[in-house]
Amino acid sequence: MRGLKKAFILALCVTAVLGLGGCSSIKSEKRIVRISHAQSETHPEHLGLLKFKEYVEENLGDKYEVQIFPNEILGSAQKAIELTQTGAIDFVVAGTANLETFADVYEVFSMPYLFTSEEAYHEVMGDTDYMNQVYASTDEAGFRVLTWYNAGTRSFYAKKPIHTPEDLKGLKIRVQQSPASVNMVKAFGAAASPMSFGEVYTAIQQGVIDGAENNELALTNNKHGEVAKYYSYNKHQMVPDMLIGNLKFLNGLSSEEREVFEQAALLSTEVEMEEWDKQVEEAKDIAQNQMGVEFIDVDVQAFKDKVSNVQQDMLDDNPDIQELYDHIQKINEKYAKEEE
């Protein structure tokens, strides 16, 4: 499978180079717009991208054809970001953890218990004017975020039950390839194992790791519930996924075309969020009643206390996250007052 991916990626790179040369003179051909992501064809993100494709082709179908590549066909998120940088592909969906090496500000989203409620999380991410300032932070790297996708709340799941932070001690847990996430898992007393999302199922199955941390859809869409039978609601992170576009491609669009692509991105988020809410409930039902996964409610405060120093350590080590952190805390406080 990896050999096929490498061959396919090589073919894409060759195609991209040819597209910049003689082949571009065939003006009757539509420009192929390629999007890579890691999820299945039934995942909310894929369904959102289908809306993106539909809107672009409805409005610019004489010029552009959108092709979507799911299931890490074009490689892991990190590899696909590199392909987007070079222009071999045009868009990729990736988590903010994958962007930390390109812009320090994105590290804030890996902070444990950053958001105190889903409402605060959605308001922050839905503030397009504010978030566009954050999205521009990767311009020097050659790409820019167009929109965000709800990736739910991340919790631990494993081969053995996790009721308290002490149950994590000594376990090998897959995390996203983010230094902040690694430090968080270490603070819980576990051994962090960064790896590509596509490798997680086999790693749990073969005992390379004991578990992972993600949302409920990972249990069903990615079949992790077949190999990890315990899901504990410690709710340590709300980390969005991002639709990232090659900046040269975006800047090469006319103002009218750019508006269509940006509107398509916003519409894709609307569809993804609607589908997310529906599919989370379906995933919990399938995981519990068909896959035999046990969902465990835990004392979330005990988990918060275990990593209470991580937030301040991150703020001390990375001043670039302070402004966004303060902005998020204001939104958190707003919703806390409403609950009083």
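Conventions adopted
Residue positions are given per chain, counting from 1 as you read along its sequence in written order. Restriction of local features to residues with pLDDT of at least 70 applies here, the model being predicted, together with a cutoff of 80 or more for giving and counting side-chain atom pairs; totals for whole chains, interfaces and linings are based on all residues. Only hydrogens and water are set aside when side-chain values are computed; all heavy atoms of the structure are taken into account. If DSSP finds at least two bridges between two strands, the strands pair. Note on conventions: DSSP H or I runs of at least 4 residues are helices, E runs of at least 2 residues are strands, and numbering of each starts at the N terminus. All axes here are fitted lines through C-alpha atoms, helices being fitted over the stretch that makes contact, and every angle between N-to-C directions spans 0 to 180 degrees. Orient the strands so they point away from the viewer; a crossover is then right-handed if the path from the first strand over the helix to the second runs clockwise. The source of the domain bounds is an automatic or database domain assignment. The contact criterion used is simple: two residues touch if any of their non-hydrogen atoms lie within 4.5 Å. Put simply, buried area is how much 1.4 Å-probe accessible surface two parts lose in total, over both of them, once they are put together. A pair is scored as a salt bridge if a Lys or Arg side-chain nitrogen falls within 4 Å of a carboxyl oxygen belonging to Asp or Glu. Under this definition, polar contacts are N or O atom pairs within 3.5 Å; protein pairs additionally need one hydrogen-donor-capable and one acceptor-capable atom, and for neighbouring residues in sequence, both atoms have to be side-chain atoms. Each residue gets one of three labels, nonpolar for Ala, Val, Leu, Ile, Met, Phe, Trp, Tyr, Cys and Pro, charged for Asp, Glu, Lys and Arg, and polar for the others, Gly among them.

Moving on, we come to the sheet that holds strand E11 (residues 294-297). Across the sheet, six strands lie side by side as E7-E6-E8-E5-E9-E11; this open sheet has mixed pairing. For this open sheet the edge positions go to strand E7 (191-194) and E11, each flanked by a neighbour on one side alone. Sheet twist, expressed as the mean angle between neighbouring strand axes with direction ignored, is 35°. When strand E9 (residues 230-237) meets E11, the two strands line up parallel, connected through four bridges. Looking across to E11, one finds that Tyr233 is bridged to Asp297.

The pairing of strand E6 (residues 172-175) with E7 spans four bridges and is parallel. Across the sheet, Lys172 pairs through a bridge with Ala191, a residue of E7. As for the winding sense of the linkage, the β-α-β connection from E6 through helix H6 (residues 179-187) to E7 is right-handed. As paired strands, E6 and strand E8 (residues 211-214) are joined by two bridges and run parallel to one another. Its bridge partner lying in E8, Ile173 is registered against Gly211.

When cut into domains, the protein gives domain 1 (16-152 + 239-281) and domain 2 (154-238 + 293-339). Domain 1 and domain 2 are separated by 24 Å when their C-alpha centres are compared. Each partner contributes to the interface: domain 1 provides 41 residues, whereas domain 2 provides 43 residues. Of the roughly 3,700 Å² buried between domain 1 and domain 2 on both sides combined, carbon and sulfur atoms contribute 59%. Where domain 1 touches domain 2, the interface holds one salt bridge. With a shortest N-O distance of 2.9 Å, Lys334 and Glu123 are connected by a salt bridge. Taken together, domain 1 and domain 2 are joined by 18 residue pairs in polar contact (both at pLDDT 80 or more). With six residues, helix H4 (residues 118-126) is the largest single contributor of residues to the side of domain 1 that touches domain 2. Each residue belonging to the side of domain 1 that touches domain 2 can be placed in one class, and the counts come to 20 nonpolar, 13 polar and eight charged.

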